[in-house]
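# Analysis of the macromolecular model
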Amino acid sequence: MEIIFKKTAIISILILISHYFLMSQDYVDYYNRINEAERLIDLKKWEDAYSELKSAFSKNKPIPRDYYMLSKCSCMLGKKNKARKILYKASAQSYSSPVSLLNRDSFFFQKCFNEKEISRIISRTKIINDSFRNRWASSKEIISIEDTVKYFFAEDQRFRSLMKDNPCKYAQDTSEYCNKLRAEWVSHDSILQERVYQYIKENGFPWEGGEDIYILLSHFHSEMFNKMKPILLEELKKGKVDPFFLGMVFDRMEIQYKSNPCGYYVYGQDCPSDNWEQVIKNRLSIGMSIYYNGPRRGGYGPKNILPWASQYQK
């Protein structure tokens, strides 16, 4: 059964959105505006989405993949040359190639480009993006960060792989061998987590290392995570942390250590509707979409619409 918020609750949520737009001068505001633009794109409100994107870009350096949404809006508004230039700009800055997005969204770009033009754009976009990717892949700094994250993740998984089908994983087995093995696991995790904490504190968040770092963070012990959380929030404000994956980590911590299924609703199937307003506040506070559950898709692909969001899809 579809649950509809009371009118007063809807108004208060809209006020919350406005509050975060007005008060935040960092990437939290940027992410919230981008999320709003994505909703407007899905509603085919191209002018409104274009304005929201331009507003976000005017206050923070754009994250390259978000250029794609601006190009899409420009195309649908008849700004053909602008759409083309934006695609080339995105290709020169983003590790993720816009070519696959162009192919998936060919319906939209056929509105302003003919078949030959699209073919030329894809060809040039690939050349520009390949050049960027080659420079990225050969950067000693990037290689060092990626290798560090790979090492940390491998160490994180070492005991977890060993314990996957091991009866010692469960506290019911109190044999001397299992007690010793579990103690070694806890000690190993504690040492590793302190090393990860010190690395991020000294070097900043290693976003270049991909999503494995978030999986590692989701395994942090409660005390260590509380120590790490302020640093993660600061890195989020700098645009170095992905809001959805951070929310995924936060949500797991809420469930595991506080038995709270209503933190950020990544794993929130058991969260009652009475708590949704607080969930929305939590998601807005770190720039997570309050419309869709999942990584930011840049205005394309299927969406997992959050249960309270149907009222916004108009």
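Once a new chain begins, its residue numbering starts again from 1 and follows that chain's sequence as written. Totals for whole chains, interfaces and linings use every residue, but because this is a predicted model, local features are given only for residues with pLDDT of at least 70 and side-chain atom pairs only at 80 or more, for both listing and counting. Note: side-chain values were computed over all heavy atoms of the structure, leaving out hydrogens and water.

This part covers the layout of surface pockets. Computed from the structure, the second largest pocket encloses a volume of approximately 270 Å³. Only protein atoms enter the 1 Å grid used here. Points where a 1.4 Å probe fits but cannot escape make up a cavity, open sets with protein on both sides within 12 Å along at least five of seven lines make up a pocket, and a residue lines them when an atom lies within 4 Å of a point. Lining the second largest pocket are 15 residues, with Arg-160, Lys-169, Trp-185, Asp-189 and His-219 sitting closest to its centre. Secondary structure is summarised from DSSP: a helix means a run of H or I of at least four residues, a strand means a run of E of at least two, and numbering begins at the N terminus for each. Counting residues per element, the lining of the second largest pocket draws most heavily on helix H10 (residues 176-203), at four residues. Any residue outside Ala, Val, Leu, Ile, Met, Phe, Trp, Tyr, Cys, Pro, Asp, Glu, Lys and Arg is labelled polar, Gly included; the first ten of those are nonpolar and the last four are charged. Broken down by class, the residue content of the lining of the second largest pocket amounts to five nonpolar, four polar and six charged. Grid points are joined across faces, edges and corners, and a volume is the space filled by probe spheres set on the points.

Glancing now at the packing of aromatic side chains. Between rings of Phe, Tyr and Trp, where Trp is taken as its six-membered ring, a pair exists when centres lie within 6.5 Å; planes separated by under 30 degrees are stacked, by over 60 edge-to-face, and by other angles tilted. Scanning all chains against the criterion turns up 17 aromatic pairs. Ring geometry for Tyr-151 against Phe-152: centres 6.0 Å apart, planes inclined by 50°, an arrangement best described as tilted. Think of it in three bands: with a 1.4 Å probe and only protein chains considered, a residue is buried below 20% of the maximum accessible area for its type, exposed above 50%, and partly exposed in between. Relative accessible area serves as the criterion here: at 6%, Phe-152 is assigned to the buried category. Judged by centre distance (5.7 Å) and plane angle (55°), the rings of Trp-276 and Trp-308 are tilted. Note that Trp-276 is positioned in helix H14 (residues 276-285) and Trp-308 in the segment after H14, a separation of 32 residues in sequence. You can call Trp-276 buried: its relative accessible area is 6%. Through a chain of ring-to-ring contacts, three or more aromatic side chains come together here, namely Tyr-27, Tyr-30, Tyr-31, Phe-57 and Tyr-67. Counted as over-ring charges are cases with an Arg CZ or a Lys NZ within 6 Å of the ring centre that also lie within 35 degrees of the ring normal. Over the ring of Tyr-291 we find Arg-39; its NZ or CZ atom is 5.2 Å from the centre of that ring. Over the ring of Tyr-88 we find Arg-124, and its NZ or CZ is 4.3 Å from the ring centre.

Take the environment of Pro-261 next. With respect to the helices and strands, the residue Pro-261 is situated in the loop between helix H13 (243-258) and H14. A sequence separation of ten residues divides Pro-261 from Cys-271, and the C-alpha atoms of the two residues are 5.3 Å apart.

Here we take up the side chain of Arg-33. Tracing the backbone shows Arg-33 in helix H2 (residues 27-42). Taking the relative accessible area as the measure of exposure, Arg-33 reaches 10% and is therefore buried.

Moving on, we get to the confidence of the model for the chain. Each residue carries a pLDDT score, the predictor's own confidence in it, on a scale running from 0 to 100. For the chain, mean pLDDT is 85; residues scoring 70 or higher make up 85% of the total. Note on definitions: a residue-residue contact is assigned when non-hydrogen atoms from the two residues lie within 4.5 Å. Below pLDDT 50 for its whole length, residues 1-12 participates in 14 contacts with residues either more than four positions away or in separate chains. Here residues 18-24 scores under 50 on pLDDT; set against residues more than four positions off or in separate chains, the count is eleven contacts.

Glancing now at the state of the cysteines. Linking two cysteines covalently via their sulfur atoms produces the bond known as a disulfide. Cysteine sulfur pairs qualify as disulfides if the two atoms are within 2.5 Å. Counted by the stated rule, this structure contains three disulfides. Here Cys-168 engages in a disulfide with Cys-178; their sulfurs sit 1.9 Å apart. The disulfide joining Cys-168 to Cys-178 has a torsion of about -60° about its S-S bond and is therefore left-handed. You can see Cys-168 sitting in the loop between helix H9 (140-163) and H10 and its partner Cys-178 sitting in helix H10, a full ten residues away along the chain.

This part takes up H14. When we look at burial in H14, the residues that qualify are Trp-276, Val-279, Ile-280, Asn-282, Arg-283 and Leu-284. Just downstream of H14 lies Gly-287, where phi reads positive at about 80°.

All right, on to the packing of H10 against helix H12 (residues 222-237) then. An axis is simply a line fitted to the C-alpha atoms; with a helix, the fit covers only the stretch in contact. Between two such axes, the angle follows the N-to-C directions and lies from 0 to 180 degrees. Where H10 contacts H12, the two axes come as close as 11 Å, and the packing angle between them is 15°. Relative to H12, the element H10 is oriented roughly parallel. In the packing of H10 onto H12, the handedness of the crossing is left-handed. In contact with Gln-193, Glu-194, Val-196, Tyr-197, Ile-200 and Lys-201 of H10, H12 contributes Met-224, Lys-227, Met-228 and Ile-231. Here the residues of the contact of H10 with H12 sort into six nonpolar, one polar and three charged. Put simply, angles under 35 degrees are roughly parallel, angles over 145 are roughly antiparallel, angles from 65 to 115 are roughly perpendicular, and the rest are oblique. With the far helix as reference, a near helix turned anticlockwise by less than a right angle produces a left-handed crossing, and one turned clockwise produces a right-handed crossing.

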